[in-house]
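Given next are the chains, with one letter for each unit.
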Amino acid sequence: MVNKSSRSSYQVISPMAVTIFAHLLFIAITTLVLVWLLHFREGLAFSSTNKPKIFNIHQLLMVIGFLLIAGEAIMTYTTTPTSIKNHKLFHMILHLIALVAGVIGVYAVFKFHDESGISHMYTFHSWIGLSTIILFGLQWLLSFLTFLFPGARTSTRSKVAPWHALIGIIIFFMALLVALTGLVQKFIFLGLTRNQEGLIVNFIGLLILLFGISVGVTVLV
């Protein structure tokens, strides 16, 4: 955790400016991902004879549904002008949406592998990805029991809160790593070069990195 004296040195940075920048990145990433999957990768489908369409569901949900929504959940305390109680509620709801999207995204990639005759869990990306989803789910469940219903004692919540924040940001940056390694892996598998699709994939990765940095900065300031 960042102590008060450390935080004060970052006060020259406007939290609102950083979060606005992050929101703009959210829009840009979402737009590029949709253009990539719908225009270059033939669209989306949970069931199709064109199996890559199933895989596209995985990419859509893991980037937009999981990573970006999780980032928005972390920034809730900065971007939402409301009470602490509502902050906690919005934070938990957005993280729940991210978790559901992540679980469905993992299901989609397993479905794609099954129907395409591809082995499961053979890359670093897949190892870290599944680990991240599991840790994310455990973090959400423990946080729900501690901070919302039925809720632990105030002294317990005070002790848990710093660890909750630390573990949460670690899991978020694990998700960031998963997204970036997934894009690199896809870039290589597709044999992309300096063509239009290759540039879009690279820009998605670059903007995701900037989004992750922006979320990290909001935690500091």
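Bear in mind that the values here come from a model prediction, so they are computed numbers and not experimental data.

Concerning the overall build of the protein chain
Part 1 of the argument: Looking only at helices and strands, the protein chain has eight helices and zero strands in total.
Part 2 of the argument: Listed N to C, the secondary structure of the protein chain is α-α-α-α-α-α-α-α in terms of helices and strands.
Part 3 of the argument: Computed over its C-alpha atoms, the radius of gyration of the protein chain comes to 18 Å, within 12% of the 17 Å expected for a compact globule of 221 residues.
Part 4 of the argument: Expressed as lengths along the three principal axes of its C-alpha atoms, the size of the protein chain is roughly 55 × 40 × 30 Å.
Part 5 of the argument: Per-residue burial for the protein chain yields a buried fraction of 42% across its 221 residues.
Part 6 of the argument: Contacts spanning at least 24 positions in sequence make up 73% of the contacts within the protein chain whose residues lie at least 6 apart.
Part 7 of the argument: Accessible area for the protein chain stands at about 11800 Å²; split by element, carbon and sulfur atoms hold 72% of it.

A few points about the UniProt feature "transmembrane region" (unreviewed entry) in the protein chain
Part 1 of the argument: The feature "transmembrane region" (unreviewed entry), as annotated in UniProt, sits at residues 12-37, 57-77, 89-110, 122-149, 161-180 and 200-220 in this numbering.
Part 2 of the argument: Helix and strand shares over residues 12-37 are 88% and 0% respectively, and the end C-alpha atoms of the span are 39 Å apart.

Some details on helix α5 (residues 84-116)
In an α-helix, one turn spans 3.6 residues; hence positions three or four apart end up facing the same way.
Part 1 of the argument: Under the 1.5 Å per step criterion, the end-to-end length of α5 is 48 Å for 33 residues, consistent within 8% with the ideal 48 Å.
Part 2 of the argument: Taken from the residues just after α5, G117 is the one with a positive phi, measuring 70 degrees.

Observations regarding the nonpolar core
Part 1 of the argument: In terms of nonpolar packing, the biggest core is built from 41 residues, with I29, V33, F172, I208 and F211 touching the most fellow members.
Part 2 of the argument: Mapped by element, the contributors of at least two residues to this core are α2 (15-40), α3 (52-74), α5, α6 (124-148), α7 (154-190) and α8 (196-220).
Part 3 of the argument: Top element by residues in this core is α3. It accounts for 10 residues.
Part 4 of the argument: If near-sequence neighbours (up to four positions away) are discounted, F211 is found in contact with A22, L25, F26, I29, L67, L68, G71, E72, M75 and F172.

Some points on the side chain of H87
Part 1 of the argument: Here H87 is to be found in helix α5.
Part 2 of the argument: For H87, a relative accessible area of 7% corresponds to the buried category.
Part 3 of the argument: Beyond its immediate chain neighbours, meaning those up to four positions away, H87 contacts T76, Y77, T80 and T82.

Examining the packing of aromatic side chains
Part 1 of the argument: Using the criterion set out here, one finds five aromatic pairs in the structure.
Part 2 of the argument: Relative to F112, the ring of F55 lies with its centre 5.1 Å away and its plane at 55 degrees, an arrangement referred to as tilted. Residue F55 is found in helix α3, and its partner F112 is found in helix α5; the two are separated by 57 residues along the sequence. Here F55 matches F112 in class, with each residue buried.

What counts and what doesn't
- Residues numbered from 1 in each chain as written.
- Predicted model: local features only at pLDDT ≥ 70, side-chain atom pairs only at ≥ 80, totals over all residues.
- Heavy atoms only, no water.
- Helix = DSSP H or I, 4+ residues; strand = E, 2+ residues; numbered from the N terminus.
- Rg over C-alpha atoms; globule rule 2.2 N^0.38 Å.
- Buried < 20%, exposed > 50% of the residue type's maximum accessible area, 1.4 Å probe, protein only.
- Contact = heavy atoms within 4.5 Å.
- Areas by Shrake-Rupley, 256 points an atom, 1.4 Å probe, with all protein chains shown as cover.
- UniProt positions renumbered as here; feature names shortened; annotations may be inferred.
- Expected span 1.5 Å × (residues − 1).
- Core = buried A, V, L, I, M, F, W, Y, C linked by side-chain atoms within 4.5 Å.
- Phe/Tyr/Trp six-rings, centres within 6.5 Å; stacked < 30°, edge-to-face > 60°.

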